[in-house]
Amino acid sequence: MTAFTQIVLDKIDGVATITLDRPEKMNAFTGRMGAEIAAAIDDTDADDEVRAVIVTGRGERAFCAGADLTPEDGGSVFSDPSAVDDLADERVRDGGGRLTLRLFSSRKPLIGACNGVAVGVGATMQLPFDIRLCSENARFGFVFARRGIVPEAASSWFLPRLVGMQTALEWCMTGRIFDADEALDRGLVRSVHPQGELMDAAMGIAREIADNTSAVSVAMTRAMLWRLGAGGHPMDAHRIDSRAIYRLSRSEDAKEGIASFLEKRPPAYPDTVSANMPDFYPWWKEPTYE
């Protein structure tokens, strides 16, 4: 993908910002937008200068008002229009799920700055973010049952892990819209901010990561917490913890972490995600759609 038309990708001082950029349609989601976000994550993963990624929407009304129900190309809204006999056919795959799986596999921490309405895929695409903040005017809705479909974007895996099964079931079975305070109370977002302060708050977290942590440590930590938290036994985590501590304790970053602490100065970690991930990473086999 050579050019973005529905998002904007900016990079400043180690922090990338992905902005959904269809304000005339309240940043409604299209297949093109999903592909562009995934391509932007490919870019930030490959750029060792990027230490954290913020995702937000253009304007003060909406982060993303869900799928574009009136696509300009006249195409299908929810799924590929092709008739197939085999449900393992790639054309059956949900576009929102393709995106959230790519977000899930990001090597850089993802921070959501939800600046307004977020319904349908506008809500579910935020679930793989590591930290979610929202503005006071944010509204959320898992509205699928009110559109005759079901939760998509692998949200049946993500949402209960974030807010618990009872809340996930209530929100998805009623399909009702709820406000920022409820999102905070139920654990969907970390904090609620005045619109004018939202990006500063998100940038503050991004800077905390970019200025003080090892990129390799953060990439490993992200993978470990997302992937091992659903394991069947703590031995699964102990196995990876032990290997990671053994390898990383011998790294240049570990030496710098100790030296900067003892010398009471900011760290300057030399290792990079592209070159210095431990030799057993990734430790999992990526499942395929079948």
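Structure: above.
Before going into details, it helps to say that this report is about the structure given with it. On a predicted model such as this, the values are computed, not experimentally measured, just so you know.

Let's shift gears to the nonpolar core. Counting residues in hydrophobic clusters, the biggest one holds 43 residues, and the most contacted among them are Phe63, Phe140, Phe142, Leu159 and Leu188. The dominant element in this core, judged by the number of residues it contributes, is helix 1 (residues 31–46), at 4 residues. Residues within four places of Leu188 in sequence aside, it is in contact with Leu127, Arg132, Phe140, Leu159, Val163, Trp171, Phe178 and Ala183. Leu228, Ala244, Leu248 and Val273 belong to the second-largest nonpolar core, a separate cluster that totals 14 residues.

In this section: the packing of aromatic side chains. Taken as a whole and judged by the stated rule, the model has 14 aromatic pairs. Judged by centre distance (5.9 Å) and plane angle (75 degrees), the rings of Phe104 and Trp226 are edge-to-face. Here Trp226 lies in helix 8 (residues 215–228) and Phe104 lies in helix 2 (residues 95–104), a separation of 122 residues in the sequence. Comparing Phe104 with Trp226, the two get one shared label, buried.

The next thing to look at is helix 1. Here helix 1 is 16 residues long and its end C-alpha atoms lie 23 Å apart, about the 22 Å a rise of 1.5 Å per residue gives. Taken together, the buried positions of helix 1 are Met33, Gly34, Glu36, Ile37, Ala38, Ala39, Ala40, Ile41, Thr44 and Asp45. Summarising the contacts, the buried residues of helix 1 are in contact with strand 1 (7–12), strand 2 (15–20), strand 3 (52–57), helix 2 and strand 5 (110–114).

The buried count for strand 3 comes to 6 of 6 residues, which makes it a mostly enclosed element. Neither face of strand 3 is open: one carries Ala52, Ile54 and Thr56, the other Val53, Val55 and Gly57, and all of them are buried. Pairing geometry for strand 2 and strand 3, over 6 bridges, is parallel. Bridged to Leu20 within strand 3 is Gly57. Following the backbone out of strand 2, through helix 1 and into the adjacent parallel strand 3, one traces a crossover that is right-handed. Bridge count between strand 3 and strand 5: 4 bridges; the pairing is parallel. Bridge pairing links Thr56 to Ala113 in strand 5.

Here the focus is the layout of surface pockets. Computed from the structure, the second largest pocket encloses a volume of approximately 470 Å³. Contributions of two or more residues to the lining of the second largest pocket are made by helix 2 and helix 4 (155–163). No other element matches helix 2, which puts 5 residues into the lining of the second largest pocket. The class makeup of the residues in the lining of the second largest pocket is 8 nonpolar, 3 polar and 6 charged.

In contact at an axis separation of 7 Å, helix 4 and helix 5 (residues 165–174) are set at 125 degrees when each is read in the N-to-C sense. Judged by the inter-axis angle, helix 4 sits oblique to helix 5. The two elements helix 4 and helix 5 meet at a crossing, and its hand is right-handed. Here Leu159, Pro160 and Val163 of helix 4 lie close against helix 5, whose contacting residues are Met165, Thr167, Ala168, Trp171 and Cys172. For the contact of helix 4 with helix 5, the residue count by class is 7 nonpolar, 1 polar and no charged.

Time to look at helix 2. Helix 2 sits mainly inside the fold: 7 of its 10 residues count as buried. Listed in full, the buried residues belonging to helix 2 are Gly96, Gly97, Leu99, Thr100, Arg102, Leu103 and Phe104. Packing partners of the buried residues in helix 2 comprise helix 1, strand 5, helix 3 (121–124), helix 4 and helix 8. If you check the start of helix 2, you find a side-chain oxygen 3.1 Å away from the backbone N of Gly96, and it comes from Asp94.

An order of 1-2-3-5-7-10 is seen for the 6 strands of this open sheet, with the pairing classed as mixed. Each edge of the open sheet is held by one strand with a lone partner, namely strand 1 and strand 10 (191–193). When the angles between neighbouring strand axes are averaged without regard to direction, this sheet yields 20 degrees.

Basis of the calculations
Residues numbered from 1 in each chain as written. Predicted model: local features only at pLDDT ≥ 70, side-chain atom pairs only at ≥ 80, totals over all residues. Heavy atoms only, no water. Core = buried A, V, L, I, M, F, W, Y, C linked by side-chain atoms within 4.5 Å. Buried < 20%, exposed > 50% of the residue type's maximum accessible area, 1.4 Å probe, protein only. Helix = DSSP H or I, 4+ residues; strand = E, 2+ residues; numbered from the N terminus. Contact = heavy atoms within 4.5 Å. Phe/Tyr/Trp six-rings, centres within 6.5 Å; stacked < 30°, edge-to-face > 60°. Expected span 1.5 Å × (residues − 1). Pairing = 2+ DSSP bridges. Right-handed = clockwise from strand over helix to strand, strands pointing away. 1 Å grid on protein atoms, 1.4 Å probe; cavity = no way out; pocket = protein on both sides within 12 Å on 5 of 7 lines; lining within 4 Å. Points joined across faces, edges and corners; volume = space filled by probe spheres on them. Nonpolar A, V, L, I, M, F, W, Y, C, P; charged D, E, K, R; others polar. Axes fitted to C-alpha atoms, helices over the stretch in contact; angles between N-to-C directions. Parallel < 35°, antiparallel > 145°, perpendicular 65-115°, else oblique. Left-handed = near helix turned anticlockwise from the far one by under 90°. Polar contact = N/O pair within 3.5 Å; in protein donor to acceptor, adjacent residues only side chain to side chain.

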